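A closer look at the structure
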Amino acid sequence: MNEEHEEHSEQSAAPQGEPEAQPSQDVPDTPAPAESPAEPKAEPESEAEPESEPEPRKTGESEPRQQDPPEKTDPSAPATAATPSEQVHHNSVNQYFYGELNASGAQFGIGTAGSDNARRRAVGRLDAGEADAILAPYVKPACFERAALALEQDGVVVLVGPPGTGKRSGAVALVDALADGSEYVVLSPGRSLDDLASGRVAFEKGVGYVLLDRMSDDTSQTADFDWRRVRDTVREHDARLVVTTVHPVDGGVVESVRHVSWELPDLTAVLRVRLVREGCARDTVEGAVSRMPDGCRIAEVAAAAERIARGAAPDEVWRDYGSGAAQPVRDWFAEDRTPQEWAEVTTLAFVNGAGYRDFETCQERLESWVQPAFAAPVTEEEQAAAARRAVNRRQSLSHNELVAVEQRKDGALIRTALVFPHPQYRQWALEELWTRLSTPYWNGVRDWLTELVGAQPGLGLQLSVAQGLALLTRPAFDEVADNYLHPWAGGAAGPAGQSTATLVLQCMCLDESLAATALGVARGWARSYDPVLRSTAAAAFSGALGVRFPTDAVTILLKMIVRRGGLPVDAAFALAGLVAVLAECGQDTGAVFRPLAYRLRAQRETLTGQYKENLLGATLTVLRARDARTGRLVCASLLERDVRRTATIGELWAGVLDNLPRRGRALAALNATLRELPAVSERPEQVAERFGEAVGEALPPDDGPPLAAALRQVAARADEQTTAVVEIFLTAVLSTKG
């Protein structure tokens, strides 16, 4: 199996609920082209590279100068005067949220493990535990046999239906029923039909493949032809492929691959199966089934079953799910409301959890922005009433049934926070606001939020705004994309707007049905002519989005590093950040290391040039990434806890050590890594020996002795234990040279 095939790589352990991590606080090795860069040689497309279109370059856009940044530069600091003005770097955008993304109250991914959704990859081989969790309680819908027949006959079937209809579990159940083996691979939603048909996905005999939430790229002229190529490729490899999408084929019928309209299964049967599997008594099961309200989604039924199985009363549980759960919010909106009441709920939807002072300040600014959307009070009585309400906003808030006051612990203090009475009210309030209020009002909301974010608020307020916008994408994706995401990512609200735009995508990753959409948005930024948009894309791929879709993230970031008009510094920081977050989440860091090593091997015989210089610089930056929680170098920790990565990490170190212009910086970083081994390992000598053998195997034959002499000089002032570790490492390096 192709080692570069990231989507087929082995799944790592389940993510742990650890605090944050971030890239190294050490100076990065700035990737930059040489004075007269030569175009890189064409290299074969690996599986880790789903796209092949060239990065567009703006006329007159200059290449960055090669430079060595000062020591101890903060990688999250804004670009300094040392950065050429022609190259746009917004490293302040690179705020890495690698720990648990606190989206309390956002109600993303109902029935899932909350922020764990953003802390595990959405592609790759489906491990046995996750497959069993899907298949064990699975209930087939009426359309299942029709889809199974199509898959059996054609090898490919497409499930079409809105979110929440169970397409994901249905796809896994279909490949389980018809694939020869018990291996299931989830492909990136960014895969094009050409990727599937042309060999960029290495289909294997007997394996079942699932492509969830495919981004539509069909055209009326070529759709049937492209699907026919996909079908023939899958058949040739004797595999099975199930694709899910919410988009019917544009412009005509596809005859070569059947598109099956997917339906909900019997939700009462789903509930019964889940409760019986949990060992609930028959009376409990039947009571829960009889009380289930209309309008539930599969995820809601699963969440309700879990709560009931833990002992919650069905009547209490069902109040939170189904079409009736939103009724209190709908009832509030059904009555005549004043402009101030509209502003109260709108402010709460985006500034959730703030104290009275901050909330009222934000509300007052919103009212000034949306004032043109309402008729001005005419009579003296109306004017007096409006003045009274404005004078005592707090009293008005106390009478609003959609506003609740919560006491939250903040260290030794208790803080007052304004929230919705129930977290799910936030989603429904946004849907009602979008449905009932017109464009002039939403223009005011846009200008208010842009002003709010542009003032560089704290991270808590940024996250609250991002949560609100992510929830608004459900009823109004175009509104969010056109008025917030794209302008902010392009710098319309300053660096804080860029980082808030990336936060919106991170929040969207908490919801299975929105993650693919977030990927599509970031990919669009990465392809833009605008270097600011591309910089924001790099930041987005360094966090939760990169964890969910590591193949896409690494492919796009590497293209930014090696191509003319790219953003090598921003992309290098993003790769370092992605390594840190993957390690912290217990995910496969090889998703970054393997493609880097592959490209270094391909450039081994190249003497110089933009491609190689940028690639070497990015590699050293990645090798120096640090965990913000511990402050430790990520590579040192990985050498101890993930033996499988030793050979690849050794190959990367050999690549930068073999480059004379970078050898001094590489030796200093290598020395720092060896110094940390006693702190991260109970057996530093064994780790150092294994590491030395890996580096020695990858180094050219004559490089061992000069490296040993230079490293001993760098480590001359080390303590006794570190000196011993360095000597063991060097002995292992030299032992590979005969």
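Conventions and cut-offs
Residues numbered from 1 in each chain as written. Predicted model: local features only at pLDDT ≥ 70, side-chain atom pairs only at ≥ 80, totals over all residues. Heavy atoms only, no water. Helix = DSSP H or I, 4+ residues; strand = E, 2+ residues; numbered from the N terminus. Buried < 20%, exposed > 50% of the residue type's maximum accessible area, 1.4 Å probe, protein only. Contact = heavy atoms within 4.5 Å. Areas by Shrake-Rupley, 256 points an atom, 1.4 Å probe, with all protein chains shown as cover. Pairing = 2+ DSSP bridges. Axes fitted to C-alpha atoms, helices over the stretch in contact; angles between N-to-C directions. Salt bridge = Lys/Arg side-chain N within 4 Å of Asp/Glu carboxyl O. Parallel < 35°, antiparallel > 145°, perpendicular 65-115°, else oblique. Left-handed = near helix turned anticlockwise from the far one by under 90°. Nonpolar A, V, L, I, M, F, W, Y, C, P; charged D, E, K, R; others polar. Expected span 1.5 Å × (residues − 1). Arc of directions from axis to C-beta. Phe/Tyr/Trp six-rings, centres within 6.5 Å; stacked < 30°, edge-to-face > 60°. pLDDT = per-residue confidence, 0-100. Polar contact = N/O pair within 3.5 Å; in protein donor to acceptor, adjacent residues only side chain to side chain.

Take the overall build of the protein chain next. From N to C terminus, the protein chain includes 31 helices and eight strands. Counting over 738 residues, the protein chain shows a buried share of 56%. The long-range fraction of contacts in the protein chain, counting pairs at least 24 apart against all pairs at least 6 apart in sequence, stands at 79%. Summed over its atoms, the accessible surface of the protein chain is roughly 30000 Å², and 49% of this surface lies on carbon and sulfur atoms.

Once that is clear, we can look at the sheet that holds strand β4 (residues 208-211). One open sheet accounts for six strands, arranged β1-β3-β4-β5-β2-β6; its pairing is mixed. Looking at which strands have only one partner, the edges of the open sheet turn out to be β1 (124-125) and β6 (259-261). Pairing of strand β2 (residues 156-160) with β6 involves three bridges; the strand directions are parallel. Looking across to β6, one finds that V160 is bridged to S261. Packing of helix α3 (residues 167-178) onto the sheet brings it into contact with β2, β3 (184-187), β4 and β5 (240-245), and relative to β5 it is tilted by some 170 degrees. Seen against the sheet, helix α5 (residues 223-236) touches β2, β5 and β6 and runs at an angle of roughly 130 degrees to β2.

Time to look at the pattern of salt bridges. Within the structure shown, the criterion is met by 36 salt bridges. Put simply, R644 and D642 hold a salt bridge, and the shortest N to O gap is 3.1 Å. A residue is classified by how much of its surface remains accessible, and R644, at 40% relative accessible area, is partly exposed. Look at D642 and you get buried, because its relative accessible area is 13%. Residues joined in a network through salt bridges with shared partners are D588, R594, D642, R644 and R645.

A few words now on the pairing of β4. Along β4, one buried face is formed by G208 and V210 and the opposite face, lined by Y209 and L211, is buried too. Sheet topology places β3 next to β4; four bridges connect them, and they run parallel. Note on β4: the bridge partner recorded for Y184 is G208. The pairing of β4 with β5 spans four bridges and is parallel. Across the sheet, the residue bridging to G208 is R240, located in β5.

The next thing to look at is the packing of helix α15 (residues 425-436) against helix α17 (residues 459-489). Their axes nearest at 10 Å, the elements α15 and α17 cross at an angle of 50 degrees. Put simply, α15 runs oblique to α17. Along this stretch, α15 crosses α17, giving a crossing that reads as right-handed. Contact residues: α15 offers R426, Q427, L430, E431 and W434, while α17 offers S464, Q467, G468, L471, L472, R474, P475, A476 and E479. Along the lines of polarity and charge, the residues of the contact of α15 with α17 split into six nonpolar, four polar and four charged.

Turning our eyes to something else, we now look at helix α12 (residues 356-370). Taking 1.5 Å per residue as the helical rise, α12 with its 15 residues ought to reach 21 Å, and the 21 Å between its terminal C-alpha atoms agrees with that figure. Restricting attention to buried positions, one finds in α12 the residues F359, E360, C362, Q363, L366, E367 and V370. Taken around the axis of α12, the buried residues stretch over an arc of 160 degrees, which confines them to a single face. The elements touched by buried residues of α12 are α11 (339-350), α14 (393-398), β8 (413-419) and α16 (439-454).

Right, let's get into the packing of helix α20 (residues 531-541) against helix α22 (residues 550-562). The geometry of α20 relative to α22 is characterised by a closest axis approach of 10 Å and an angle of 140 degrees between their N-to-C directions. With respect to each other, α20 and α22 are oriented oblique. Crossing hand, α20 versus α22: left-handed. Here R534, A537, A538 and F541 of α20 come into contact with α22, specifically with A553, I556, L557 and M560. Classifying every residue of the contact of α20 with α22 by side-chain character gives seven nonpolar, no polar and one charged.

A word on the packing of aromatic side chains. Describing an aromatic ring pair means giving the distance of the ring centres and the angle of the ring planes. Counted according to the given criterion, the structure contains 13 aromatic pairs. Considering the side-chain rings of F350 and W448, the 6.3 Å spacing of their centres and the 75 degrees angle between planes classify their relative orientation as edge-to-face. One end of the pair, F350, is in helix α11; the other, W448, is in helix α16, with 98 residues separating them in the sequence. Overall, the relative accessible area of 0% leaves F350 in the buried class. Of the residues examined, W448 reaches a relative accessible area of 1% and is grouped as buried. Here the aromatic residues F374, W434, Y441 and W442 are joined through ring pairs into a cluster of three or more.

Between its first and last C-alpha, α5 extends 20 Å over 14 residues, near the 20 Å set by a 1.5 Å rise per residue. Where α5 is concerned, the buried positions are A223, D226, W227, V230, R231, T233 and V234. Down the axis of α5, the buried set is contained in an arc of 165 degrees. They therefore lie on one face. Turned more than 90 degrees from where α5 packs its buried face, F225 and E236 sit exposed. Where α5 is buried, its residues touch α2 (144-154), β2, α4 (193-197), β5 and β6. One or two steps after α5, the chain reaches D238, where phi turns positive at roughly 55 degrees.

As defined by bridge partners, strand β7 (residues 404-410) adjoins β8 across seven bridges and the pair is classed as antiparallel. Within β8, the position partnered with K409 by the bridge is I414. Counting the residues between successive antiparallel strands, the hairpin from β7 to β8 contains two residues, one of them, G411, with a positive phi of roughly 70 degrees.

Turning to unusual backbone geometry, a few remarks are in order. Phi is positive for D213, close to 55 degrees, though the residue is something other than glycine. Looking at where D213 falls in the secondary structure, it is placed in the loop between β4 and α5. The backbone phi angle of Q456 is positive, close to 55 degrees, even though this residue is not glycine. We classify Q456 as exposed; its relative accessible area is 54%.

Averaged over all residues, the pLDDT of the protein chain is 81; the fraction at 70 or higher stands at 80%. When the criterion is pLDDT under 50, residues 1-28 qualifies, and its contacts beyond four places in sequence or with other chains add up to 125 contacts. This stretch, residues 102-114, has a pLDDT under 50; its non-local contacts, to residues over four places away or in other chains, come to 34 contacts.

Within the secondary structure, D266 is located in the loop between β6 and α6 (267-277). Residue classification places D266 among the partly exposed residues on the basis of a relative accessible area of 45%. Measuring from C-alpha to C-alpha, the distance between D266 and I298 comes to 9.6 Å, with 32 residues separating the pair along the chain.

With that out of the way, let us pick up the side chain of Q587. Relative to the elements of secondary structure, Q587 occurs in the loop between α23 (568-584) and α24 (590-602). For Q587, a relative accessible area of 8% gives the class buried. One polar contact links the side chain of Q587 to the main-chain amide nitrogen of R121, over a distance of 3.0 Å.

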